[in-house]
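Report on the structure
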Amino acid sequence: MAYRYLILMIALATVKINLTESRQSEKRRWKSDKSLYSHYVNICDIQDRVSKVHCYCENIKIKTATKADCWVFNGGIAEDDPFWSNFYSQPMIEKLSFNVRADGGLTYIPSKIIVRLERLRNINIQYANIYSITSFAFTNSTSLRDVMLPKNKIVKLEKMSFAHLIMLSNISLVENQIFELQRDTFYDLPNLQRLYLSKNKIEVLHEGCFKHLNNLIKLDLSSNMLAVVVRETFQGLSNLISLDLRHNKLMMIGDLTFTELWSLQELYLDSNELEFISERGFGGLTQLRKLSMADNKLVMLEDNVLNDVQKLNILDLRNNNLETLKQETLQNVIENFKSNYALIALNGNKLTCDCRLLWLQKLSNETRSKRVRAALGRLSCINEVKIKSNGSNGRNDKANDTPYKSNMPLKSNFDKNYDELDGTFEDDAVYDDTFQDHEALVNLNRKEYRRKLLDIPAAELFCPTRISFEGSFSPPTQDEVKYFKSSSNKEQSISVHLLTTVLCITFISLHLKF
């Protein structure tokens, strides 16, 4: 019994000793931490009014702040300034922003503190004078998710500017002065999903500049100076869902330009200078649902241009120069525009009121989409041309203001002059003068009459003669060509035989006469 009592006393003594040592160790660690941070200025509680940086935090106690909004004053701060070490007084910061209030106040990315703040998730710097983002400026941060760098006068992105950031999901470089994107600028960013590059001066996208961004879902290149994009531009973006190319200088879309974008659902090409889109321009976009090309210079669309985009249900073609939009162009997607959330917008074009638009009237009756019906209800087309008669325009109208009704599309100036001169040109010099004078006259006196398409009875949407003729014409088959050639040979042989017979009879009659 005494033996058991002795063992119990020893155990209790051991526990007491361990507790005492633990408390003393905790006190020593607290004193050590206090001494560690005591020589740093708490960035959330800066008392010096002439300090170059002032930060405002939601909690000013040392090691407690998770958010800091900092302002750079008084001529700025050098990259090696000892002040930067004061950020170690708040190692728990998750969101950090810098607003620069002086020219030259910040000309670099403060990489040292980004690496040391192990919980930093979001950094925002604006109004600085950062000429370039150097290689590995943000590298090796395992916590950083958002990098926002708007309005910093950035001109150049070095290779590996953004590299080895395993958690980074968003980059914004909006409203800078970047003029090109090189290869390997964005490298080893496995979780990057959104990249915003709008309102820069980008003219060149080097081949493969996005090839490492396999998980990117949104790319914004709007309001730049891009004149050309090709298939190689978008290599690596197999998961991209939304591409914004509005407000650039694109004049044409060539074959298979977007074919690398297998998952693309939204494509914005508004406010460019598009005049031509190749028949395979949208080839490969099998998932595309929204295509917006408003405010361009398109005159026509090829019949097969939308063959690959069979899921398309939103199409915006407002404010172009389209003279018609044939049913054949949208043959594969017409049924999609009858769904509840579809939209087709065509206002602001030069559509001619003829039978080629009948399918739009039918669509308005069949669609379940309120937006489609509303858009088609506002759609107008050109129905008449009015030319004043003044004795020099070649037309004898009964009254000066009698409208000239036409079921033909508006003709080019060449067609108008050809008709006025009955198709005859006796002298090139005379024709040139007549052409120029008449063109000026027609342009001055022409007035377009617009009518709401849905207000026009279907019976009045006649097919122009030229269209009817072209629609009925088809090239000859091979059998027809062979038959034509054989028939021609037979006719030629018969003609030669008859001519020979006539000559023989004539010769015999002359011989008998003499």
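Describing the overall build of the protein
On a plain count of helices and strands, the protein comes out with eight helices and 24 strands. Within the protein, the fraction of its 514 residues that count as buried is 40%. Within the protein, contacts between residues at least 6 apart in sequence are counted, and of these 64% link residues at least 24 apart. Accessible area of the protein: about 29300 Å², with a carbon and sulfur share of 52%.

Details of the nonpolar core
By size, the foremost hydrophobic cluster in this structure holds 108 residues, and its most contacted members are F138, F258, F282 and I344. Those elements that place two or more of their residues in this core are β1 (53–57), β2 (67–72), β3 (95–100), α2 (111–116), β4 (122–126), α3 (358–366) and α4 (370–378). In contact with F282, other than residues within four places in its own chain, are F258, L267, L269, I277, L291, M293, V305, L306, D308 and V309.

Focus: the pattern of salt bridges
Applying the stated criterion to the full structure yields eleven salt bridges. The partner of K338 in a salt bridge is E335, with the nearest N and O atoms 2.9 Å apart. Judged by its relative accessible area of 56%, E335 is exposed. Residues joined by salt bridges that share partners form a network here, namely E335, K338 and E366.

As for the packing of α3 against α4
It is at 9 Å that the axes of α3 and α4 come closest, and there the two elements cross at 140°. When the axis of α3 is compared with that of α4, the two are oblique. Like other packed secondary-structure pairs, α3 and α4 cross with a definite hand, here left-handed. Across the interface between the two elements, L360, L363 and S364 from α3 touch V372, R373 and L376 from α4. A class-by-class count of the residues in the contact of α3 with α4 yields four nonpolar, one polar and one charged.

Section: the side chain of N170
Turning to its location among the elements, N170 is positioned in strand β9 (residues 170–172). There is a polar contact of 2.6 Å between the side chain of N170 and the side chain of D146. Sequence-distant contacts of N170, defined by excluding residues within four places in its chain, comprise R145, D146, V147, M148, L192 and R194.

A closer look at α3
All of the buried residues along α3 are W359, L360, Q361, L363 and S364. Structurally, α3 contributes buried residues whose contacts are with β21 (343–345) and α4.

Overview of a nonpolar patch on the surface
A contiguous nonpolar patch, built from M251, M252 and F276 and spanning about 290 Å² of accessible area, is present on the exposed surface. Positionally, M252 belongs in strand β16 (residues 252–253). Classification of M252 as partly exposed rests on a relative accessible area of 45%.

What to know about the packing of aromatic side chains
For the structure on display, the rule yields nine aromatic pairs. Pairing F83 with F87 gives two aromatic rings, centres 6.4 Å apart and planes at 85°, and the pair type is edge-to-face. Neither F83 nor F87 differs from the other in exposure class; each is buried. Ring-pair connections join several aromatic residues into one group, and the members of that group are F83, W84, F87, F98 and Y108. Directly above the aromatic system of Y88 lies the positively charged group of R116, at a separation of 4.1 Å from the ring centroid. Here R246 stacks its cationic end above the ring of Y268, 4.8 Å away from the centre of that ring.

As for the pairing of β1
The element β1 is largely enclosed, with a buried count of four among its five residues. Looking at chain direction, β1 and β2 are connected through five bridges and run antiparallel. Following the sheet pairing, C55 is matched in β2 by C70.

A short note on the state of the cysteines
Considering all chains together, one arrives at four disulfides under this definition. Across the disulfide, C355 is cross-linked to C463 (sulfur-sulfur distance 1.9 Å). Measuring the twist about the S-S bond at about 115°, one finds the C355-C463 disulfide to be right-handed. Highlighted residues: C355 in the loop between β21 and α3 and C463 in the loop between β24 (447–452) and α7 (465–472), separated in sequence by 108 residues. Residue classification places C463 among the partly exposed positions, given a relative accessible area of 40%. Along the protein, the cysteines engaged in disulfide bonds are linked according to the scheme 1-3, 2-4, 5-7, 6-8 when indexed in sequence order.

Procedures and definitions
Residues numbered from 1 in each chain as written. Predicted model: local features only at pLDDT ≥ 70, side-chain atom pairs only at ≥ 80, totals over all residues. Heavy atoms only, no water. Helix = DSSP H or I, 4+ residues; strand = E, 2+ residues; numbered from the N terminus. Buried < 20%, exposed > 50% of the residue type's maximum accessible area, 1.4 Å probe, protein only. Contact = heavy atoms within 4.5 Å. Areas by Shrake-Rupley, 256 points an atom, 1.4 Å probe, with all protein chains shown as cover. Core = buried A, V, L, I, M, F, W, Y, C linked by side-chain atoms within 4.5 Å. Salt bridge = Lys/Arg side-chain N within 4 Å of Asp/Glu carboxyl O. Axes fitted to C-alpha atoms, helices over the stretch in contact; angles between N-to-C directions. Parallel < 35°, antiparallel > 145°, perpendicular 65-115°, else oblique. Left-handed = near helix turned anticlockwise from the far one by under 90°. Nonpolar A, V, L, I, M, F, W, Y, C, P; charged D, E, K, R; others polar. Polar contact = N/O pair within 3.5 Å; in protein donor to acceptor, adjacent residues only side chain to side chain. Patch = residues over 30% accessible without salt bridge, like charges linked within 9 Å, V, L, I, M, F, W, Y side chains within 5 Å. Phe/Tyr/Trp six-rings, centres within 6.5 Å; stacked < 30°, edge-to-face > 60°. Lys NZ or Arg CZ within 6 Å of the ring centre and 35° of its normal. Pairing = 2+ DSSP bridges. Disulfide = S-S within 2.5 Å.

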